[in-house]
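Understanding the architecture of this molecule
As a plain string of letters, each chain reads:
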Amino acid sequence: MKLLVTGGAGFIGSNFVIYMLQQHPDYQILNVDALTYAGNLENLKSIENHPNYTFAKADITDVQAMDALFSQGVDVVVNFAAESHVDRSILEPDVFVKTNVLGTQVLLDAAKKYSVTKFVQVSTDEVYGTLGATGLFTEETPLTPNSPYSASKAGGDLLVRAYHETFGLPVNITRCSNNYGPYQFPEKLIPLMISRALADQALPVYGDGMNIRDWLYVEDHCSAIDLVIHEGVNGEVYNIGGNNERTNVHIVNTVLKELGKPDSLITYVQDRPGHDRRYGIDPTKITRELGWKPKHTFETGIKETIQWYLNNQEWWTRIQSGEYQKYAELQYGSRLGDSL
Ligand SMILES: Cc1cn([C@H]2C[C@H](O)[C@@H](COP(=O)(O)OP(=O)(O)O[C@H]3O[C@H](CO)[C@@H](O)[C@H](O)[C@H]3O)O2)c(=O)[nH]c1=O
């Protein structure tokens, strides 16, 4: 099988490439990534010389580049390539629409032209909007995205759906909750808090810190996508969640405790505009229909993750520079100057 993985140098994408080469060493994997700020080939050092792995630097919105890649023969596409950070989408929505909507459409056109046997769109529970105190997102929950990021992902998902309905393209959409684990870029809650706590810097908790996310260990997400590639019924959506709902303040306290750092580092700052209160995924469909089961509890996953960041300080200190640094100052500088 020849797999085209887009965004394979990002957090979830690189974990997926490594996972697939371990599970299916005979599959050929072509990783295409534009290597924007969060794409990092260092994530793939362990498999870069694998005989069945190839890398191409290209942007998924580049029609000619995508045509050239698909013309080499592709069986399955897994589309991870996306702008993914909500705060950044509030500052610059245009790049989100370009990559997440236009990029998806370019890939769909190429997938149609070259008759791929499966197109998996890796999406997010954020397309469902926010939950109140009760209930869970199911695959039938209406799409009501609240941020430019989630609106752009919903736009991509709807195009995927339309290519199935209109052209019969064999597609699946997966919608995951918050991932965590090795190689997550330190703009996201868990790695950001680990890196700042280690440097004894203030930890910016948005609003009252009681927003809830449903945490999924990245390797469990990868195993779910592997199942969807092989067993997913064309046209179907599958929600993937870890049944691990936690408040943000619980996450931050866990990080502080594991690192032996004081609570006084927590700084409540101005809330994220349009901040979704709660996400919670009902994974019944993928569990019952495809037999998926996560292997990690939150308690083991978070310990392993913190240990990974402790063991790999060079990886994240190197990337905390350049464009990231400028952006972090914009994002946290103003927030931290504006503590509640
Ligand atoms: C970066 C940061 C975040 N937060 C809060 C905001 C959220 O309630 C929670 C998690 O924030 P983030 O790590 O940015 O993740 P969130 O907005 O939930 O979105 C993530 O999870 C989604 C899946 O639910 C993915 O689709 C997104 O790509 C991914 O970024 O922590 C803080 O309180 N302080 C912070 O500095």
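Our subject in this report is the structure included herewith. (Residues numbered from 1 in each chain as written. Predicted model: local features only at pLDDT ≥ 70, side-chain atom pairs only at ≥ 80, totals over all residues. Heavy atoms only, no water.)

**A closer look at the sheet that holds strand 9 (residues 212–217)**
Here is the rule we go by: Note on pairing: two strands pair once DSSP finds at least 2 bridges between them. Put simply, DSSP marks the helices as runs of H or I at least four residues long and the strands as runs of E at least two long, and each gets a number from the N terminus on. For helices, the fitted line uses only the C-alpha atoms of the stretch in contact; every axis is such a line through C-alpha atoms, and the angle between N-to-C directions lies from 0 to 180 degrees. Contacts were defined at the residue level, with two residues in contact if any of their heavy atoms lie within 4.5 Å.
One open sheet accounts for three strands, arranged 7-9-11; its pairing is mixed. Here the strands that pair on one side only, and so sit at the sheet edges, are strand 7 (178–180) and strand 11 (245–247). Averaged over all adjacent pairs, the angle separating strand axes in this sheet is 50°, with direction ignored. Both strand 9 and strand 11 contribute to a ladder of three bridges, which runs antiparallel. Bridged to arginine 213 within strand 11 is arginine 246. Packed onto the sheet, helix 7 (residues 218–231) meets strand 7 and strand 9 and runs at close to 70° relative to strand 9.

**Regarding the site of the ligand**
For clarity, the cut-off: Any residue with a heavy atom positioned within 4 Å of a molecule or strand is treated as near that molecule or strand. Throughout this description, a polar contact denotes any pair of N or O atoms lying within 3.5 Å of each other; where both atoms belong to protein, one of them has to be capable of donating a hydrogen while the other can accept it, and for residues adjacent in sequence the pair is counted only when both atoms sit in side chains.
Taken together, 25 residues form the shell around the ligand, and within it Asp125, Glu126, Tyr149, Arg272 and His275 come nearest. Within the contact set of the ligand, an oxygen atom lies 2.8 Å away from a backbone nitrogen or oxygen of leucine 189. The contact in question runs from an oxygen atom of the ligand to an N or O atom on the side chain of asparagine 248, over 2.8 Å. Of all the elements in the fold, those that place two or more residues in the shell around the ligand are helix 6 (189–198) and strand 8 (203–206).

**Notes on the pattern of salt bridges**
Keep this limit in mind: For this analysis, a salt bridge means a side-chain nitrogen from Lys or Arg found within 4 Å of a carboxyl oxygen belonging to Asp or Glu. Relative accessibility decides the category of a residue: with a 1.4 Å probe and only protein chains considered, values under 20% of the type maximum give buried, values over 50% give exposed, and everything between is partly exposed.
Going through the model one piece at a time under the given rule, you end up with 15 salt bridges. For aspartate 208, the salt bridge is made with arginine 277, and the minimal N-O distance between the two is 2.8 Å. Taken together, the positions of aspartate 208 in the loop between strand 8 and strand 9 and arginine 277 in the loop between strand 12 (266–269) and helix 9 (284–290) put the pair 69 residues apart, joining distant regions of the chain. We classify aspartate 208 as partly exposed; its relative accessible area is 39%. A relative accessible area of 37% places arginine 277 in the partly exposed class. Salt bridges sharing partners connect three or more residues here, namely Arg88, Glu92, Glu187 and Lys188.

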